[in-house]
Amino acid sequence: MTPKDAAAYSNLGIALNEHSDFAEAVPMLSKAVELDPKSMPDYFHLALALSKDGKLPDAFSLLRKVSAMEPQTAAVHLNVGIFLLKHKQPGEATAHFRKAVELDPKSSSAHLNLGLTLREADRLDEAIPLFQKAAELDPKSSAAPRQLGFAFIHKKQFTYAVAPLKKAIALDPKHAHTHQNLGWALLETKQYDEAVAVLQRAIELDANAIASHHNLGAALCATGKHDEGIAAYRKAIDLDAKYL
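Small disclaimer: the values here were computed from a predicted structure and weren't measured.

> Mind showing me how you'd approach the overall build of the protein chain here?
Regarding its fold elements, the protein chain presents 14 helices and zero strands. Its helices and strands in sequence order give the protein chain the pattern α-α-α-α-α-α-α-α-α-α-α-α-α-α, from N to C terminus. In terms of overall dimensions, the protein chain is more spread out than a globule: its C-alpha atoms have a radius of gyration of 22 Å, far above the 18 Å expected for 244 residues. In terms of its C-alpha atoms, the protein chain occupies a principal-axis envelope of roughly 75 × 40 × 25 Å. Within the span of the protein chain, comprising 244 residues, buried residues form 45% of the whole. Of the contacts formed within the protein chain by residues at least 6 apart in sequence, a portion of 44% connects residues at least 24 apart. In the form shown here, the protein chain has an accessible surface area of approximately 12700 Å², with 54% of it arising from carbon and sulfur atoms.

Set out below in structure tokens:
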């Protein structure tokens, strides 16, 4: 047997995963890693199949084994952390993201994901510099400035939120939630006319966003457009009743 034989099982397992045939994918991918124990991607495909097949503890055990096999590989720690975070294991995910940052200080994704776990733990003062570093390392990514802006929003530091959220929108102009949060920050900093324009765009992108309608109502009323503001408030209430 050679790694070429492993590839046949790997390709079949991946195809089964993509077809949502997870129970069938598990033995194929298990065979692939047996034949080629150094094929890291197959371990992650197998972990996905196990988790989707209702065997999440087995997936966790597998990935712990992988990180023990490759303790000095940043990408392994990063991907293990992403899997753990997705499956609501933030404490263990944080440890892997910290290791990924240590091993690869130039990884924007490692900084970003570590920041996300810390933000979820309400450790915003630790998360913010990580988002700033992630944005510095990958200036073409909208995720880092978006998350930085969200973190400032959560701290009620609306003035600081404006610039990163504007940058995120410049990089990803169709992200409705970023527009919503920028509109909120502009509203809180009394930049009402700009808030109106941004919130109207947020609603164009997501007409069911209750907060966008509500904040648009506040911004319109602040500019003296009370009839339009009342209509926006009414729309927020109508949507709230619909989605409760």
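> Would you mind going over the pattern of salt bridges with me for this structure?
Charged atoms that come close allow side chains of opposite charge to pair. Tallied over the full model, the rule gives 12 salt bridges. Here Arg-98 and Glu-126 are joined by a salt bridge, their closest N and O atoms 3.7 Å apart. Taken together, the residues span a long stretch of sequence, with Arg-98 in helix H6 (residues 90-103) and Glu-126 in helix H8 (residues 124-137) at a distance of 28 residues. Judged by its relative accessible area of 38%, Arg-98 is partly exposed. The shortest N-O distance in the salt bridge between Asp-125 and Lys-155 comes to 2.8 Å. With Asp-125 in helix H8 and Lys-155 in the loop between helix H9 (143-154) and helix H10 (158-171), the pair connects residues that are 30 residues apart, well separated along the chain.

> How do you make sense of the packing of H9 against H10 when you look at a structure like this?
If you want to describe how two helices pack, look at the angle between their axes and the distance between the axes. Between H9 and H10, the shortest axis-to-axis distance is 8 Å and the interhelical angle comes to 155 degrees. In terms of orientation, H9 lies roughly antiparallel with respect to H10. The handedness of the crossing between H9 and H10 comes out as left-handed. Touching Pro-145, Arg-146, Leu-148, Gly-149, Phe-150, Phe-152 and Ile-153 of H9 are Phe-158, Tyr-160, Ala-161, Pro-164, Leu-165, Lys-167, Ala-168 and Leu-171, all from H10. Among the residues making up the contact of H9 with H10, the classes are represented as 12 nonpolar, one polar and two charged.

> Whenever I open this one, the nonpolar core confuses me. Can you help?
Judged by nonpolar contacts, the single largest core of 63 residues is most densely connected at Leu-46, Leu-112, Phe-131, Leu-182 and Leu-216. Residues in contact with Phe-131, not counting those within four places in the same chain, are Leu-112, Gly-115, Leu-116, Arg-119, Ala-144, Gln-147, Leu-148 and Ala-151.

> Where do I start with helix H7 (residues 108-120) in this structure?
Quick reminder: α-helices carry 3.6 residues per turn. Residues three or four places apart thus point the same way. Taking 1.5 Å of rise per residue, the 13 residues of H7 would be expected to cover 18 Å, and the 18 Å separating its terminal C-alpha atoms lies within 8% of that figure. Across the 13 residues that make up H7, a large majority, 11, are buried. Buried within H7 are the following residues: Ser-108, Ala-110, His-111, Leu-112, Asn-113, Leu-114, Gly-115, Leu-116, Thr-117, Leu-118 and Arg-119. Those residues of H7 that are buried are in contact with helix H5 (74-86), H6, H8 and H9. Following H7 by one or two positions, Asp-122 adopts a phi angle in the positive range, close to 65 degrees.

> I would appreciate a short explanation of the side chain of Ser-107 in the present structure.
Structurally, the position occupied by Ser-107 is in the loop between H6 and H7. Relative accessible area serves as the criterion here: at 12%, Ser-107 is assigned to the buried category.

> What is the right way to read unusual backbone geometry from this model?
Trans is the common state for peptide bonds, and a negative phi is the common state for residues other than glycine. Unusually for a residue other than glycine, Lys-88 sits at a positive phi of about 60 degrees. Tracing the backbone through its elements, the reader meets Lys-88 in the loop between H5 and H6. What makes Lys-88 exposed here is its relative accessible area of 70%. Here the phi dihedral of Asp-122 falls at roughly 65 degrees; this positive angle occurs in a residue that is not glycine. Relative to the helices and strands, Asp-122 resides in the loop between H7 and H8.

> How should the packing of aromatic side chains be read in this particular structure?
Overall, the coordinates contain three aromatic pairs when judged by the stated rule. Between Phe-60 and Phe-83, the ring centres sit 6.2 Å apart and the planes meet at 85 degrees, which makes this aromatic pair edge-to-face. Linking Phe-60 in helix H4 (residues 56-69) with Phe-83 in helix H5, this pair joins segments that are 23 residues apart in sequence. Neither residue differs from the other here; Phe-60 and Phe-83 are each classed as buried. Each ring, one from Phe-158 and one from Trp-184, has its centre 5.5 Å from the other, and the planes form 55 degrees; the classification is tilted.

Definitions and limits used
- Residues numbered from 1 in each chain as written.
- Predicted model: local features only at pLDDT ≥ 70, side-chain atom pairs only at ≥ 80, totals over all residues.
- Heavy atoms only, no water.
- Helix = DSSP H or I, 4+ residues; strand = E, 2+ residues; numbered from the N terminus.
- Rg over C-alpha atoms; globule rule 2.2 N^0.38 Å.
- Buried < 20%, exposed > 50% of the residue type's maximum accessible area, 1.4 Å probe, protein only.
- Contact = heavy atoms within 4.5 Å.
- Areas by Shrake-Rupley, 256 points an atom, 1.4 Å probe, with all protein chains shown as cover.
- Salt bridge = Lys/Arg side-chain N within 4 Å of Asp/Glu carboxyl O.
- Axes fitted to C-alpha atoms, helices over the stretch in contact; angles between N-to-C directions.
- Parallel < 35°, antiparallel > 145°, perpendicular 65-115°, else oblique.
- Left-handed = near helix turned anticlockwise from the far one by under 90°.
- Nonpolar A, V, L, I, M, F, W, Y, C, P; charged D, E, K, R; others polar.
- Core = buried A, V, L, I, M, F, W, Y, C linked by side-chain atoms within 4.5 Å.
- Expected span 1.5 Å × (residues − 1).
- Phe/Tyr/Trp six-rings, centres within 6.5 Å; stacked < 30°, edge-to-face > 60°.

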